[in-house]
Amino acid sequence: MKDGAVRMTDAELLGMLRRMIEIRGFEDEIQRAFTKNLVRGSTHLCNGQEACVVGACGALREGDSMVCTYRGHGAVLAMGAPLEGTFAEILGRETGLCRGKGGSMHLTDVGVGAYGSFAIVGAHLPIATGLALAAKLDRSEAVSLCFFGDGSMNIGAVHEAMNLAGIWKLPVIFFCENNLYGEYSPLATTTPVEELAARAAGYGMPGVRVDGNDVVAVHAVVSEAVRRARSGEGPTFVEGLTYRHRGHSRTDPARYRPEGELERWLELDPIPRLEALLRERGVADGAVTQARADAEEAVATAYAAALAAPAPGLELIYEDVYA
Ligand SMILES: Cc1ncc(C[n+]2csc(CCOP(=O)(O)OP(=O)(O)O)c2C)c(N)n1
Ligand SMILES: [Mg+2]
């Protein structure tokens, strides 16, 4: 987004920069932890997609809710979950967000509005619709935000959830992170439309496609969707065009990508783009460097503390099982 169109203050932009760098550093640390065999199960990193989650979650306020997928570390952090508790959860420590019992694919922190990460593709859209229905019945003016991937677009429950939200005008934002691949399949081999936002017409809601690597543009589009939702005008479908820098999961070297594709997307990396915008606005280099240093220090401190925490004791196995 061009500087003239940016309605945010320098401080707000620096805050978003810091959050994106934290998420990037978090994911890199998790990747290293994997190679040291410190993480059980698989994990799905969001390197490259930070602008979608930081821009969108930054448009919410306290009391709103968010649900996301197994590629959800960044979304949960963008809602404000603590770095240390999130690290600890993935490392299986007692101090984790879910006391180490959920792990990478089930990050949840209801205190900050993060109502769950879901590993069954598309299964959480009905949950987002349900949270929006609850908000409407409670007249709370809360908004529900749902992240999902392009690979979810042909799942039955996805259509049911969006249709119901459309007919009941529920305060929900369906945010599709279109990273061009579902596992190892390019979008064009699974879905007969190129612009996913066009599908919104079938659910009676606006569909907006946005540059998902431009955090300011994402924030602006989602802010308008939030305004609509809060004022009773109903749901919005947002398609953020983005790209994951790494493979689908830790075991995927991503050899199916055409030569040069990753390099093209690295040039659109959301973090240097926001740094360039800050420079264009005349923000001092020192402030940008400080944001980076603060983010890196916060990640390192949180990781060390999480590593030092104990594993959950066996007695915890029966706790928090049913509510
Ligand atoms: C119902 C269901 N079918 C298949 C899978 C296996 N699976 C896990 S991730 C994935 C790809 C999803 O791609 P997308 O929605 O684009 O999300 P991305 O991984 O790109 O973030 C598939 C098919 C699953 N978890 N759930
Ligand atoms: Mg995808």
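The structure displayed is predicted, hence computed values, not measured ones.

Analysis parameters
- Residues numbered from 1 in each chain as written.
- Chains lettered and ligands numbered in written order.
- Predicted model: local features only at pLDDT ≥ 70, side-chain atom pairs only at ≥ 80, totals over all residues.
- Heavy atoms only, no water.
- Helix = DSSP H or I, 4+ residues; strand = E, 2+ residues; numbered from the N terminus.
- 1 Å grid on protein atoms, 1.4 Å probe; cavity = no way out; pocket = protein on both sides within 12 Å on 5 of 7 lines; lining within 4 Å.
- Points joined across faces, edges and corners; volume = space filled by probe spheres on them.
- Nonpolar A, V, L, I, M, F, W, Y, C, P; charged D, E, K, R; others polar.
- UniProt positions renumbered as here; feature names shortened; annotations may be inferred.
- Donors = N, O, S within 2.8 Å, 3.2 Å for Na, K, Ca; no water.
- Buried < 20%, exposed > 50% of the residue type's maximum accessible area, 1.4 Å probe, protein only.

1. Digging into the environment of Val54
Here is step 1 of the chain: Structurally, Val54 is set in helix 2 (residues 50-57).
Here is step 2 of the chain: For the pair Val54 and Val226, spaced 172 residues apart in sequence, the C-alpha separation works out to 15 Å.

2. Description of the layout of surface pockets
Here is step 1 of the chain: Size it by volume and the largest pocket reaches roughly 340 Å³.
Here is step 2 of the chain: Forming the walls of the largest pocket are 20 residues, and the residues nearest its centre are Val39, Arg40, Ile90, Leu91 and Gly92.
Here is step 3 of the chain: Partitioning the lining of the largest pocket into residue classes produces 7 nonpolar, 9 polar and 4 charged.

3. Quick word on the UniProt feature "domain: Dehydrogenase E1 component" (unreviewed entry) in the protein chain
Here is step 1 of the chain: UniProt's entry tags residues 19-312 with the feature "domain: Dehydrogenase E1 component" (unreviewed entry), counted in the numbering of this structure.
Here is step 2 of the chain: Here residues 19-312 is 41% helix and 13% strand, with 29 Å between the C-alpha atoms at its ends.

4. Remarks on the coordination of the magnesium ion (ligand 2)
A metal bound by six donors in octahedral fashion has ideal angles of 90 or 180 degrees, whereas one bound by four tetrahedral donors has an ideal angle of 109.5 degrees.
Here is step 1 of the chain: Only Asp150 (OD), Asn179 (OD1) and Tyr181 (O) from the protein coordinate the magnesium ion (ligand 2), and they sit 2.1 to 2.2 Å from it.
Here is step 2 of the chain: Counting gaps between the donor residues of the magnesium ion (ligand 2) yields the pattern D-x28-N-x1-Y. An identical accessibility class is assigned to Asn179 and Tyr181; each is buried.

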